[in-house]
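# A closer look at the structure
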Amino acid sequence: MADGYNKPIPIPQPESDYYWEGAKAGELRLRHCDDCNQAYFYPRNICPECGNNNTSWIVASGKAKVHTFAIVHRPPHPGFMDDLPYVPAIVELEEGPRMATQLINVTPEPEAISIDMQVKVVFESITDEISLPKFEPA
Amino acid sequence: MADGYNKPIPIPQPESDHYWEGAKAGELRLRKCDDCNKAYFYPRNICPDCGNNNTSWIVASGKAKVHTFAIVHRPPHPGFMDDLPYVPAIVELEEGPRMATQLVNVTPEPEAISIDMPVKVVFESITDEISLPKFEPA
Amino acid sequence: MPVMDRLKAISGSAAIVGVAESDRFGRTPDRGPMELHAEAGRNALADAGIDKSEVDGVFTSGGYSTYDIAEYMGIAPHFTDSTSVGGSSFVIHIAHAMAAIEAGYCEVALITYGQTGRSDRARGALNLYGVTPGLPNAQYEAPFGIIGPPIAYSMAANRYMHQYGEDRTREAMANVAVSTRKWANMNEKAHFYDTPMTFDEYHDSRWISWPFHLLDCCLVTDGGAAVVITSAERAKSTRKGGVAILGAAEGHDHAILHQMPDLTRTWGRNTGPQALEMAGVTHSDLDMAMIYDSFTYTVLVTLESLGFCGPGESPDFVANQRTAPGGDFALNTNGGGLSYAHPGSYGIFTVLEAVRQLRGETGERQLDDCKLAMAHGTGGLLSSTGTVVLGRE
Ligand SMILES: [Zn+2]
Ligand SMILES: [Zn+2]
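In every chain, residue numbers begin from 1 and rise along the written sequence. Chains and ligands are labelled by the order in which they are written, letters from A for the one and numbers from 1 for the other. Local features in a predicted model are, by the rule used here, given only for residues with pLDDT of at least 70; side-chain atom pairs are given and counted only at 80 or more, and totals for whole chains, interfaces and linings are based on all residues. The side-chain quantities take in all heavy atoms of the structure and omit both hydrogens and water.

Time to look at empty space enclosed by the protein. As defined here, a cavity is a set of points on a 1 Å grid over the protein atoms alone where a 1.4 Å probe fits but cannot get out. A pocket is an open set with protein on both sides within 12 Å along at least five of seven lines, and residues line them when an atom is within 4 Å of a point. Grid points are joined across faces, edges and corners, and a volume is the space filled by probe spheres set on the points. Counted under the stated rule, the structure contains two cavities of 30 Å³ or more. Lining the largest cavity are Val58, Phe59, Thr60, Thr66, Ile69, Ala70, Met73, Ile75, Leu110 and Thr112 of chain C. Secondary structure elements are defined from DSSP: runs of H or I of at least 4 residues count as helices, runs of E of at least 2 residues count as strands, and each element is numbered from the N terminus. Looking at the lining of the largest cavity, the elements with two or more residues in it are strand 2 (57-59), helix 3 (66-73) and strand 4 (108-116) of chain C. Among the elements that make up the lining of the largest cavity, the one with the highest residue count is helix 3 of chain C (four residues). Only Asp, Glu, Lys and Arg are considered charged in this grouping, and only Ala, Val, Leu, Ile, Met, Phe, Trp, Tyr, Cys and Pro are considered nonpolar; every other residue, Gly among them, is considered polar. By residue class, the composition of the lining of the largest cavity is seven nonpolar, three polar and no charged. In this structure, the second largest cavity spans a volume of roughly 30 Å³. Considering the residues around the second largest cavity, the lining is formed by Ile46, Cys47 and Gly51 of chain A together with Ala38, Arg42, Lys52 and Met73 of chain C.

Spelled out as structure tokens, the structure:
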């Protein structure tokens, strides 16, 4: 674990083991419904659209555009104190689904970030098991 | 704190501060409704019978009789491992209300304990702030 | 107080049209609870022949709110109800669904359930000790080692034994354990399908919390279940037709054990008579009863509370294996929480079995000419109850 990392850490669950293994290996893995021919997020064995189990895993390109963001000036949790201001965001992946993330390598000012701007995934290792998918300008 | 005490410890709340202070001082304090002229347990500012706030504190005699008990052979929590078998109980206080407690100084066998047997309160200090009201044969 | 005339007016206005367990059942170390909810929900909709897109009312309980489950399943409902009063919640949801459908808030109601009690325990993930400091049990019961259902229910059972006789109560508890196991031996989905139980095995099983033996206590398994409800009118065009909801009642009279007014009477004393009166039937009209059997004692206290027999009479009521297959009184024909499944909150499974018996789908254990059934859930520490009376022409 990165020394002193004291933010919430995901605990992989039966349906997300493979997702987090992918993130650790530098892959953004998505669930895909082979009946609907559509990817979805977050990982579930059962397709949230049609309810079927005919689902598989794909590897996302990592390309996305910013759907929305904010710039946080008051920490919601002590672990984020030293990161202020930071930029939580929702991005829309090239494959369609949206996911929540953080934008990094951006200046945390409204003028420096724009909705629809192109971003790409980068993985930040926080423990031996977990890397978080964050996004930076493409 | 008694060394190694690892069972659940009550955290006094606004309505129970006075109760736990009493227990620490060796007094079993009860709430009493001055409209209903009746004691009740557990401590609440508002009478559970009539809903009025015309309530006060009294000091119970500490005399009670066993309403029911069990003899626990499998710990519900790791802290109780070394106490097995122990005897949780509900007692009926002389003043009327029932409360949950533990019987102490009894042989933890069905033959050695009987419902309706008279018991009296003893306080077991578990932290600097908290003593638990337990009951032993009177 | 409930207004009986109005309740009678909606009796039968809604029907259960789909029931199912999750595909994975019993032990599912690789499946989380939400997936079991979703799997069971999908299966129950398939049982009804109704598409997920038509679900407009969702109901759940037990660790997840309806918005968690609905999001997971891809459902955006117009009516939402996470009433959470322990294992009876899912029976109580049936009344709420009927009321919502009758009032026009929704037309297709989906109740889902999923828990992984067994695998949580294996994973060490079971948080039995997380007490909320502001809740009374954290101050007034847990510090004394009164934690979790087995201890609380055993304390209630001891009071019952004191009032009504230890030996006959013990024999009754043994009768319930053994008769329920016989039903499980006829249900291939049951955890103990292949394992019979003798009276000696019951009496010799180890103490958990005296007066409870291990075999007085329900199983700890993994599993999900779901129920689909719609209007009586629409039920006619579903795949299997409807099982009418004729009576329903709910409530509670305490949360923690020592606040229970009488350790030998549950709130079923109200919900049993109310549900039967609403349905316009009596105890003797029933062809079967499904009674939440978290413990053997739960069955005894519930039979009396519901009014099947008087206080202290349940040992006679269940004597001589009267509730076993072939007996006079069909009780817990799926094998119960004691021997079929108990992932944590069992109540919904009482409804599944009642519906299947009424439909004639239960194979070897099918009752003859089963037309009227009661399903009853108990939640918390004998705290809440929900009763439904279900019927089929
Ligand atoms: Zn799909
Ligand atoms: Zn009062």
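What follows continues from the structure just given.
All right, on to the sheet that holds strand 5 (residues 207-210) of chain C then. Consider a sheet: its strands pair through backbone hydrogen bonds, and that pairing is either parallel or antiparallel. As summarised here, the arrangement of the three strands in space is 5(B)-5(C)-6(C), forming an open sheet in which the pairing is antiparallel. A single partner strand is all that each edge strand has here, and the edge strands are strand 5 (71-72) of chain B together with strand 6 (212-213) of chain C. At least two bridges found by DSSP between two strands are what make those strands a pair. Here strand 5 of chain C runs beside strand 6 of chain C; their pairing, made up of two bridges, is antiparallel. Bridge pairing in strand 6 of chain C places serine 209 of chain C opposite phenylalanine 212 of chain C.

Let us now look at the packing of aromatic side chains. Between 30 and 60 degrees the pair is tilted, below 30 it is stacked and above 60 it is edge-to-face, where a pair is any two Phe, Tyr or Trp rings, Trp via its six-membered ring, whose centres lie within 6.5 Å. As enumerated under the stated definition, the model contains 29 aromatic pairs over all chains in all. Here tyrosine 19 of chain A and phenylalanine 41 of chain A contribute two aromatic rings whose centre-to-centre distance is 5.7 Å and whose plane-to-plane angle is 65°, an arrangement assigned as edge-to-face. On the criterion of sequence distance, the pair formed by tyrosine 19 of chain A in helix 1 (residues 17-24) and phenylalanine 41 of chain A in the loop between strand 2 (38-40) and strand 3 (55-59) is long-range, its members being 22 residues apart. A residue is classified by how much of its surface remains accessible, and tyrosine 19 of chain A, at 4% relative accessible area, is buried. Relative accessibility thresholds used throughout: buried, under 20% of the residue-type maximum; exposed, over 50%; partly exposed, between the two (1.4 Å probe, protein chains only). When its relative accessible area of 25% is taken as the criterion, phenylalanine 41 of chain A is described as partly exposed. Aromatic side chains phenylalanine 90 of chain C and tyrosine 113 of chain C sit 5.0 Å apart centroid to centroid with 75° between the ring planes, which places their arrangement in the edge-to-face category. With phenylalanine 90 of chain C in helix 4 (residues 89-103) and tyrosine 113 of chain C in strand 4, this residue pair connects regions lying 23 residues apart in the sequence. Side by side, phenylalanine 90 of chain C and tyrosine 113 of chain C carry an identical accessibility label, which is buried. Pairwise contacts between aromatic rings join Phe25, Phe90, Tyr113, Tyr292, Tyr340, Tyr346 and Phe349 of chain C into one cluster. As a reminder, the over-ring test applies to NZ of lysine and CZ of arginine, requiring each to be within 6 Å of the ring centre and within 35 degrees of the ring normal. Taking NZ or CZ as reference, arginine 44 of chain A lies 3.9 Å from the ring centre of tyrosine 42 of chain A, over its face.

Let's shift gears to the domain arrangement of chain C. All names here are of chain C. In this document the domain limits rely on a domain assignment from an automatic tool or a database. Entries for chain C in the domain assignment read domain 1 (3-123 + 222-247) and domain 2 (147-221 + 249-273 + 281-391). Computed over C-alpha atoms, the centres of domain 1 and domain 2 are 22 Å apart. Note on contacts: a residue pair qualifies if any of its non-hydrogen atoms lie within 4.5 Å across the two residues. Taken together, the contact pairs 38 residues of domain 1 with 37 residues of domain 2. Joining two parts hides part of their accessible area as seen by a 1.4 Å probe, and the buried area is that hidden amount summed over both. Both sides of the domain 1 and domain 2 interface together cover about 2900 Å² of buried area, and 65% of this is carbon and sulfur. We count a salt bridge whenever a side-chain nitrogen from Lys or Arg sits within 4 Å of a carboxyl oxygen from Asp or Glu. At the junction of domain 1 and domain 2, the tally comes to four salt bridges. The residue arginine 356 makes a salt bridge to glutamate 21 at a minimum N-O spacing of 2.8 Å. Pairs of N or O atoms are called polar contacts if they sit within 3.5 Å, as long as, within protein, a hydrogen donor faces a hydrogen acceptor (for residues adjacent in sequence, only side-chain-to-side-chain pairs). The interface formed by domain 1 and domain 2 includes 20 residue pairs in polar contact (both at pLDDT 80 or more). Elements with a minimum of two residues in the side of domain 1 that touches domain 2: strand 1 (14-21), helix 4, strand 4, helix 5 (117-123), strand 7 (222-231) and strand 8 (243-252).

On to helix 4 of chain C. Residues and elements named next belong to chain C. To estimate how far a helix should reach, multiply one less than its number of residues by 1.5 Å. In a regular helix each residue adds 1.5 Å, so 15 residues correspond to 21 Å; helix 4 covers 21 Å between its end C-alpha atoms and thus fits that length. Extensive coverage of helix 4 is indicated by the burial of twelve of its 15 residues. Among the residues of helix 4, those classed as buried are Ser89, Phe90, Val91, Ile92, His93, Ile94, Ala95, His96, Ala97, Met98, Ala100 and Ile101. Following helix 4 by one or two positions, glycine 104 has its phi on the positive side, about 100°.

What follows covers unusual backbone geometry. Going from phenylalanine 41 of chain A to tyrosine 42 of chain A, the amide bond is cis rather than trans, its omega being 0°. Of note, the amide linkage connecting tryptophan 210 of chain C to proline 211 of chain C takes the cis form, showing an omega dihedral of 10°. Looking at where proline 211 of chain C falls in the secondary structure, it is placed in the loop between strand 5 and strand 6. In this structure, leucine 382 of chain C takes a positive phi of about 60° despite not being glycine. The topology assignment puts leucine 382 of chain C in the loop between strand 10 (372-379) and strand 11 (384-391).

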